[in-house]
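Overview (structure and organization)
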Amino acid sequence: MISDIFKYVWQGFLHYINILFGLLDFRDLGFMWIILIGIFIISIFNKKVRNSILGLIHPLVDVIRTLPGFIFFILFLSYYIYISIFFEEKINIVVLIFSIYLFIKDFVKTNFNLLLESKNTIWDSIKDISISVIMLCLQQITMMFEQNSFDNLRYVLLSLSIIPIFSILFFIMRHYCIYTDFYTRYKKFISIDGYSFFKIFNDSLIKCKTYKNNEKILSKFIIKNSNASLQQLKQKFDQEINNTIEKETINNKKIKHKKTKYKQSKIVKIFNYVWLFNLINVILYIIFKRFMNSSFDFWYYCSFSILIIYLWYDLMKIKKIENQFDYVMYMFIYVILIIFLLIYNHSLNGMRLTEFGFLIPIFIFLRVYTYNKNFPNLLTLPFLSKNNFFGLNPDDYKK
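Report follows, based on the coordinates. (Residues numbered from 1 in each chain as written. Predicted model: local features only at pLDDT ≥ 70, side-chain atom pairs only at ≥ 80, totals over all residues. Heavy atoms only, no water.)

**Topic: unusual backbone geometry**
For Lys209, which is not a glycine, the phi torsion comes out positive at approximately 80 degrees. Tracing the chain through its elements places Lys209 in the loop between α9 (194-208) and α10 (211-224). Here the phi dihedral of Asn293 falls at roughly 55 degrees; this positive angle occurs in a residue that is not glycine. (Helix = DSSP H or I, 4+ residues; strand = E, 2+ residues; numbered from the N terminus.)

**Considering the nonpolar core**
Counting 34 residues, the largest nonpolar core has Leu311, Phe358, Leu359, Ile362 and Phe363 as its most contacted members. Mapped onto this core, the elements with two or more residues apiece are α1 (2-24), α12 (266-292), α13 (298-315), α14 (324-347) and α16 (360-369). In terms of residue count, the dominant contributor to this core is α13 (eight residues). Excluding its chain neighbours within four sequence positions, the residues that come into contact with Leu311 are Ile338, Leu341, Ile362, Phe363 and Leu366. With 23 residues, the next largest nonpolar core counts Leu114, Ile126, Ile162 and Ile163 among its residues. (Core = buried A, V, L, I, M, F, W, Y, C linked by side-chain atoms within 4.5 Å. Buried < 20%, exposed > 50% of the residue type's maximum accessible area, 1.4 Å probe, protein only. Contact = heavy atoms within 4.5 Å.)

**Notes on the pattern of salt bridges**
Going through the model one piece at a time under the given rule, you end up with four salt bridges. The partner of Asp181 in a salt bridge is Arg185, and the shortest N-O contact between them spans 2.4 Å. In this pair, Asp181 and Arg185 are both assigned in helix α8 (residues 162-185), four residues apart and thus about one turn of the helix distant. Given a relative accessible area of 35%, Asp181 falls into the partly exposed group. (Salt bridge = Lys/Arg side-chain N within 4 Å of Asp/Glu carboxyl O.)

**With respect to a nonpolar patch on the surface**
Together, Ile5, Tyr8, Val9, Tyr273, Leu276, Ile280, Leu284, Ile287, Phe288, Phe291 and Met292 line one region of the surface with nonpolar side chains, adding up to about 1100 Å² of accessible area. Taken together, the elements giving at least two residues each to the nonpolar patch come down to α1 and α12. Sort the elements by how many residues they give to the nonpolar patch and α12 lands first, with eight residues. Here Leu276 lies in helix α12. (Patch = residues over 30% accessible without salt bridge, like charges linked within 9 Å, V, L, I, M, F, W, Y side chains within 5 Å. Areas by Shrake-Rupley, 256 points an atom, 1.4 Å probe, with all protein chains shown as cover.)

**A short note on the packing of α9 against α10**
Remark: α9 packs on α10, axes separated minimally by 9 Å, with the N-to-C direction vectors making an angle of 125 degrees. Between α9 and α10, the angle is such that the two are oblique. When the axes of α9 and α10 are compared, the crossing they make is right-handed. Within the contact between the two elements, α9 uses Phe197, Ile200, Phe201, Ser204, Leu205 and Cys208 and α10 uses Tyr211, Asn213, Asn214, Ile217, Leu218 and Ile222. (Axes fitted to C-alpha atoms, helices over the stretch in contact; angles between N-to-C directions. Parallel < 35°, antiparallel > 145°, perpendicular 65-115°, else oblique. Left-handed = near helix turned anticlockwise from the far one by under 90°.)

**Focus on the layout of surface pockets**
The rolling of a water-molecule-sized probe over the atoms marks out the regions of remaining empty space. Roughly 390 Å³ of volume is contained in the second largest pocket. Along the walls of the second largest pocket sit 16 residues, with Tyr8, Gly12, Arg352, Leu353 and Thr354 positioned nearest its centre. Those elements that provide at least two residues to the lining of the second largest pocket are α1, α12, α15 (353-356) and α16. Take the lining of the second largest pocket: its biggest share by element is six residues, from α1. Along the lines of polarity and charge, the residues of the lining of the second largest pocket split into 10 nonpolar, four polar and two charged. (1 Å grid on protein atoms, 1.4 Å probe; cavity = no way out; pocket = protein on both sides within 12 Å on 5 of 7 lines; lining within 4 Å. Points joined across faces, edges and corners; volume = space filled by probe spheres on them. Nonpolar A, V, L, I, M, F, W, Y, C, P; charged D, E, K, R; others polar.)

**Focus on the packing of aromatic side chains**
Inspection of every chain in the model, using the stated rule, returns 28 aromatic pairs. Measuring from ring centre to ring centre gives 5.6 Å for Phe72 and Phe166, while their planes differ by 55 degrees; the resulting arrangement is tilted. Residue Phe72 is located in helix α4 (residues 67-86), and its partner Phe166 is located in helix α8; the two are separated by 94 residues in the primary sequence. Judged by its relative accessible area of 0%, Phe72 is buried. (Phe/Tyr/Trp six-rings, centres within 6.5 Å; stacked < 30°, edge-to-face > 60°.)

Dropping the structure here:
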């Protein structure tokens, strides 16, 4: 009995993942292609957008010319070619979108993360690439379970090998780039050869724990002992570095402020109860429809419509909207997205719980994700701010 329930839930989960990926695979939805082609045409004929796109080509080529850039270019290109060949006929728009996303976005972002100035840690960079790779792998595996065919499983699992390969390469390249940058910047203060200094750099990094602390502390040590020999540096290193680290730790201690908890007003709490009531109502209707073959009546559609309004409300809280122009733009985008979701939801067979209740997990996820976020107030927002959707200059629109 328990095994049957587990099997039923597992099959339902896999089926939901498949139809969720099918949502992104919009090759049969003509109006979505019209929107994409329309955006592309606007981008081509809009001078500012066109110049921005062209302006990215030159920096991208410059990045590829560097040693780390060339290595990661080969790695990402090899991965892209691999999934295109070995995912065979199962490759779809989802694979195409996320592989191109991986190739372009993560390539540029990865090379920026090699620099000391990047706020992202090594684990952040690994996480960025892992999300896209794991999502592609999950899409393929769930499709195999759905079709009960695992002939391609080995190639799909091998695609995950890019994560440890990337992790090792990224760690080595980041260490190499940060050391090279530091050595070049302070070379005039370093009286020893690069190999000997590399060992001092590594010892200092172990003690300082982070690259930024190491750059700050080691630079002071090097400037102070610019004329010292290797033997003198080794003698002074342990004592001075430890003392400097202790001083920096004391100076960097900040008063820890307790995070203020987000308190909702009574009206917002009432709205949450209304959302919860309508969600439960819709779920019950779906269960009765699936197992008792009952029909949807006026109250189901009423509750469902209310949840759609809440969906738009939650979507508007995802982005930090800073001006009225962006408010209108995101409102339009999210309305189009909701229409797309409704059309796709209507196109499902409507034979299983995952198909009847396809939007239910989306409702719940967005409600939880945006629970502590504020809805933008259109009346209090300026017409246009510095950070806006199209990068417009606010000074050009002042009266």
